[in-house]
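Each chain, letter by letter, is given below.
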Amino acid sequence: MPFDAHNLYSARAVRALESAAMENGLSGEELMQRAGAAVFALICRRFSARRPLAVLCGGGNNGGDGYVVARLAAQSGWPVRVFTAGAGAPQSRVGAAQKESAIAAGAAIAPLAEFTPDAETLIVDALLGTGVTRDVDAAAAELFARINDAAAAVIAVDVPSGLCCDSGKVYGSALAAGVTLTFIAKKPGLFTGRGAHFAGEVLLDTLGAAGPVYDSVAADARLLSDAHLKTILHRRAGDAHKHAAGHVLVLGGGRGMGGAAVMAAEGAVRAGAGLVTLCTEDNAAARARPEVMTVELGELRASAGRFTAAVAGPGLGAGAFAVDAFATALELGLPMVVDADALNLLAQESARRDNWVLTPHPGEAARLLGVGSAAVQAGRLQAAADIAGRYGGVCALKGAGTVIADGGQTWLCAAGNPGMAAAGMGDVLSGVIGAFIAQGYGVMDGACCGVQLHAAAGDVAAADGAVGMAATDLPPLVRRLHNRLLDSLQ
């Protein structure tokens, strides 16, 4: 397929892209030269030449890129030292040549053990790259901790050392970069799991690979974007009425937890549902949102035809009401968002549907798959695909870098921020997704629109500070961002 900056490729796929690039006339040496030059150009754009530069080089091609950076810095009169891991001899002929060139240009070489990080020195991380497959050793872990504690400025070459570029898993310890300049293609692990923290700002340089290089290698996932949402969204007709905008049923709010269901209802209202009805154990909670109607659980079967989508789970609990409410939701057969406590009920008694979106956090995903949450976090893309494969429909695996998968296609949301680690955020999200499904969007499109707009709203809210952000801050912002996208449609 043609190059698309939103495409994400695993390490294996990137190696295939590199092979294709070399078959199309780019040698391994040329790729290494271009990678190092791109990193040095970034340094020159962002930092003062008076700042000391430390280039940390490993023995692989990532280290070879680092030696190119060191050579260019030395030739430009930049104060630079290279610190080498292990024996310091690059494993490849091309990498060894770059080391000799750096020495010839005047770059000083020293063992990595002699490096002492400080806040003044700019660090280029060219240690491990994409090849790491096991926990880093104790010496590296200790060094990474000292660098991270020093609050040093770090530029990662391709991938921060210690981070899995496929999953965002950390191999014991990792270097935290302020900027990661990745090559050939973006990697999913830079945007999900721990990668969202350790990669910092992610930039891409294709190193001149283009056109035919990307034709024969399939992407593993794609980044969500406003551009993608604009291919999905549609304006309302001029004669639209509330019934044409969909009717969301929210089942949740076990005794003492009515607020969760109300927040889901609020999300549905602000995302454009024409009608929203709450079914909770104590419907008094609905008074907080006068636009929302209520219905008793025993009345639902008789009035099922009123609804176009359901949201089951926010604050549902685990008692008799929860069991009856989720069983009723399954009987209704509506397109549905399954969240929170309803996911735990689903894990206990498996069912399969094509018309639902499951929205687990890692702990809930672990219960759905019968594994530990660490295993989910170590392979977030695969976990989301496995859940969709087992239960049908779409899985939106929440967390830093939410993954949306249906077993055929995978999307990843890079928006959002740590301020969203607050109670109720998932409840609002379930209502937002439910509103899109109620308005006639398919489950995959509804999940993509809901996740992206919810995360983007969180980023707008964070402009006032991430700490203290509340879930109820987001629904009005979802409305604003949704309408801006609608207004921009051709």
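Details of the structure are given in the entry above.
Residues numbered from 1 in each chain as written. Predicted model: local features only at pLDDT ≥ 70, side-chain atom pairs only at ≥ 80, totals over all residues. Heavy atoms only, no water.

## Looking at the overall build of the protein chain
Short version of the rule: To qualify as a helix, a DSSP run of H or I must reach at least 4 residues; to qualify as a strand, a run of E must reach at least 2; elements of each kind are numbered from the N terminus. A radius of gyration in this sense is built from C-alpha atoms; the matching globule rule multiplies 2.2 Å by the number of residues raised to 0.38. Three exposure classes are used, based on accessible area relative to the maximum for each residue type with a 1.4 Å probe and protein chains only: buried under 20%, partly exposed in between, and exposed over 50%. Only heavy atoms matter for contacts: two residues are in contact if any of them lie within 4.5 Å across the pair. Here, Shrake-Rupley sampling with a 1.4 Å probe gives the accessible areas, and only protein chains in the shown set may cover a residue. Only four residue types enter the charge count, namely Lys and Arg as positive and Asp and Glu as negative; His and the chain termini do not. A charge is said to be at NZ when it belongs to Lys, at CZ for Arg, at CG for Asp and at CD for Glu.
Secondary structure assignment for the protein chain yields 16 helices and 18 strands. The C-alpha atoms of the protein chain give a radius of gyration of 25 Å, which matches the 23 Å a tight globule of 490 residues would have. In terms of overall dimensions, the protein chain has C-alpha extents of about 85 × 45 × 40 Å along its principal axes. Out of the 490 residues belonging to the protein chain, those deemed buried represent 56%. Summarising the internal contacts of the protein chain: among those between residues at least 6 apart in sequence, 71% fall at separations of at least 24. Of the roughly 19,300 Å² of accessible surface on the protein chain, 51% is carried by carbon and sulfur atoms. In the protein chain, the 37 positive side-chain charges and the 44 negative ones have mean positions that sit 3 Å from each other.

## Some words on the pattern of salt bridges
Any two side chains of opposite charge can pair if their charged atoms end up close together. This is how the line gets drawn: By convention in these notes, a salt bridge is any Lys or Arg side-chain nitrogen within 4 Å of a carboxyl oxygen on Asp or Glu.
The tally for this structure, following the rule as stated, stands at 8 salt bridges. The salt bridge partner of Arg-222 is Asp-4, with a shortest N-O separation of 2.4 Å. Here Arg-222, found in strand β9 (residues 221-223), pairs with Asp-4, found in the segment before β1 (7-8); they are 218 residues apart in sequence, far enough to count as distant. Taking the relative accessible area as the measure of exposure, Asp-4 reaches 24% and is therefore partly exposed. The shortest N-O distance in the salt bridge between Glu-201 and Arg-46 comes to 2.8 Å. Within this pair, whereas Glu-201 is found in strand β8 (residues 201-205), its partner Arg-46 is found in helix α2 (residues 28-46), the two being separated by 155 residues in sequence.

## A word on the sheet that holds β8
Inclusion rule: At least two bridges found by DSSP between two strands is the condition for calling them paired. To get an axis, a line is fitted to the C-alpha atoms, and for a helix only the part in contact is used. The angle between two axes follows their N-to-C directions and goes from 0 to 180 degrees.
Spatial ordering of the open sheet is given by β4-β3-β2-β5-β6-β7-β8, a layout of 7 strands whose pairing is parallel. The sheet is open, and its two edges are formed by β4 (108-111) and β8, each paired on a single side. The sheet shows a mean angle of 20 degrees between the axes of neighbouring strands, direction not considered. Bridge count between strand β2 (residues 53-57) and strand β5 (residues 122-126): 5 bridges; the pairing is parallel. Directly across from Leu-53, in β5, lies its bridge partner Leu-122.

## Observations concerning helix α4 (residues 93-104)
Since the α-helix advances by 3.6 residues per turn, residues separated by three or four positions end up pointing in the same direction. We apply this condition: Expected span, for any helix, means 1.5 Å times one less than how many residues it has.
Look at α4: 17 Å from first C-alpha to last across 12 residues, which is about the 16 Å you get at 1.5 Å a residue. Among the structural elements, α2, α3 (61-75) and β4 are those in contact with the buried residues of α4. Positive phi shows up at Gly-106, right after α4, with a value of about 110 degrees.

## Considerations on the layout of surface pockets
The following threshold applies: Detection works on a 1 Å grid of protein atoms alone, calling trapped sets that fit a 1.4 Å probe cavities and calling open sets with protein on both sides within 12 Å along at least five of seven lines pockets, with lining residues defined by an atom within 4 Å of a point. Grid points are joined across faces, edges and corners, and a volume is the space filled by probe spheres set on the points. In this classification, the charged set is Asp, Glu, Lys and Arg, the nonpolar set is Ala, Val, Leu, Ile, Met, Phe, Trp, Tyr, Cys and Pro, and all remaining amino acids, among them Gly, are polar.
Quantified by volume, the largest pocket comes out at close to 1,200 Å³. Around the largest pocket sit 44 residues that line it, and Gly-60, Asn-62, Leu-127, Leu-128 and Gly-129 are the ones nearest its centre. Secondary-structure elements contributing two or more residues to the lining of the largest pocket are α1 (11-23), α2, α3 and α5 (138-149). With 6 residues, α5 is the largest single contributor of residues to the lining of the largest pocket. Classifying every residue of the lining of the largest pocket gives 21 nonpolar, 13 polar and 10 charged. By volume, the second largest pocket amounts to about 880 Å³. If you go around the second largest pocket, you meet 35 residues; those closest to its centre are Gly-399, Ala-400, Gly-401, Gly-416 and Asn-417. Elements represented by at least two residues in the lining of the second largest pocket include exactly α6 (195-198), α11 (362-369), α14 (425-438) and α15 (443-461).

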